[in-house]
Amino acid sequence: MLDFAFIRISLPGRWDGLGGDRDDEDMLMTRARIGVAAVVVALASAGGCSEVDDVPREPISGTVNLDGQPLKIGTIQFLPEAAEAGVASGGPVVDGRFNVVRADGPGPGTYKVMIFSQGSVPKEPVELNNNEMPGAIQAKPAPRTGEIPIRYNLQTELTAEVRPGGPNSYDFDLKKK
């Protein structure tokens, strides 16, 4: 019997050579082949966890201001203008800044830039009503509406050219009106 941490395989025959279908040498060779095959399968499946592409990615960074103030929290997305021209990328915007490392960055090319933010959640506690779980006072998020005008996200007017070797730093000054 082969016994791995995740696989147990029983084969016909016996290790002691007392009446099995094969002699000891054939049995050992068969078990060795199955062991090697199990290791190859395990390594192949583990290797699939980290995909590597051939895109020459670039790091990107910059700032996002809304009406002259740093955007408190949001996301930024770089989408290639042509599907074959690059790979989509993006990341969080925190306190008006974003930074995407090379491994997650876009490849060189022209991109549409979309910026999203739902605004902030109020921090003051609100009493629960009778239909909710009993307990202490809890903060309830207020209904959110998009803080960023649609012309900067779903119908974006923003573009960026990502250049090989950079620098690829972008400053976006957005206006609500």
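Residues numbered from 1 in each chain as written. Predicted model: local features only at pLDDT ≥ 70, side-chain atom pairs only at ≥ 80, totals over all residues. Heavy atoms only, no water.

Glancing now at unusual backbone geometry. With an omega of 0 degrees, the peptide bond between Gly166 and Pro167 qualifies as cis. Topologically, Pro167 is positioned in the loop between strand S9 (159-162) and strand S10 (169-174). In this structure, Asp67 takes a positive phi of about 50 degrees despite not being glycine. Residue placement: Asp67 occurs in the loop between strand S3 (60-66) and strand S4 (69-70). Phi angles above zero are rare outside glycine, and Asp95 is one such case at about 50 degrees. Mapping Asp95 onto the fold places it in the loop between strand S6 (89-94) and strand S7 (97-100). Looking at Asp95, the relative accessible area reads 47%, which means it is partly exposed. (Helix = DSSP H or I, 4+ residues; strand = E, 2+ residues; numbered from the N terminus. Buried < 20%, exposed > 50% of the residue type's maximum accessible area, 1.4 Å probe, protein only.)

It is worth spelling out the confidence of the model for the protein at this point. For the protein, per-residue confidence averages 74 on the pLDDT scale, and residues scoring 70 or more make up 55% of the total. Overall, residues 36-50 carries pLDDT values under 50, and its contacts beyond four positions in sequence, including any with other chains, amount to four contacts. Low pLDDT, under 50, characterises residues 140-145; the predicted model gives this stretch ten contacts beyond four residues in sequence or across chains. (pLDDT = per-residue confidence, 0-100. Contact = heavy atoms within 4.5 Å.)

Sheet topology places strand S5 (residues 73-80) next to strand S8 (residues 109-116); six bridges connect them, and they run antiparallel. Bridged to Pro80 within S8 is Tyr111. (Pairing = 2+ DSSP bridges.)

Side-chain pairing between opposite charges can occur once the charged atoms of the two side chains come close. Considering all chains together, one arrives at two salt bridges under this definition. For Arg102, the salt bridge identified is with Glu58, shortest N-O distance 3.5 Å. Pair noted here: Arg102 is in the loop between S7 and S8 and Glu58 is in the loop between helix H1 (24-47) and S3, with a separation of 44 residues, a long-range link. Taking the relative accessible area as the measure of exposure, Arg102 reaches 46% and is therefore partly exposed. When its relative accessible area of 6% is taken as the criterion, Glu58 is described as buried. Among the ionic pairs, Lys72 bridges to Asp95, the shortest N-O distance being 3.6 Å. (Salt bridge = Lys/Arg side-chain N within 4 Å of Asp/Glu carboxyl O.)

Turning our attention to the side chain of Ser89. Following the sequence through the fold, Ser89 ends up in strand S6. Using a relative accessible area of 9% as the deciding quantity, one classes Ser89 as buried. A polar contact is formed between the side chain of Ser89 and the backbone oxygen of Asp104, at a distance of 2.6 Å. Residues in contact with Ser89, not counting those within four places in the same chain, are Ile76, Gln77, Phe78, Val100, Asp104, Gly105 and Pro106. (Polar contact = N/O pair within 3.5 Å; in protein donor to acceptor, adjacent residues only side chain to side chain.)

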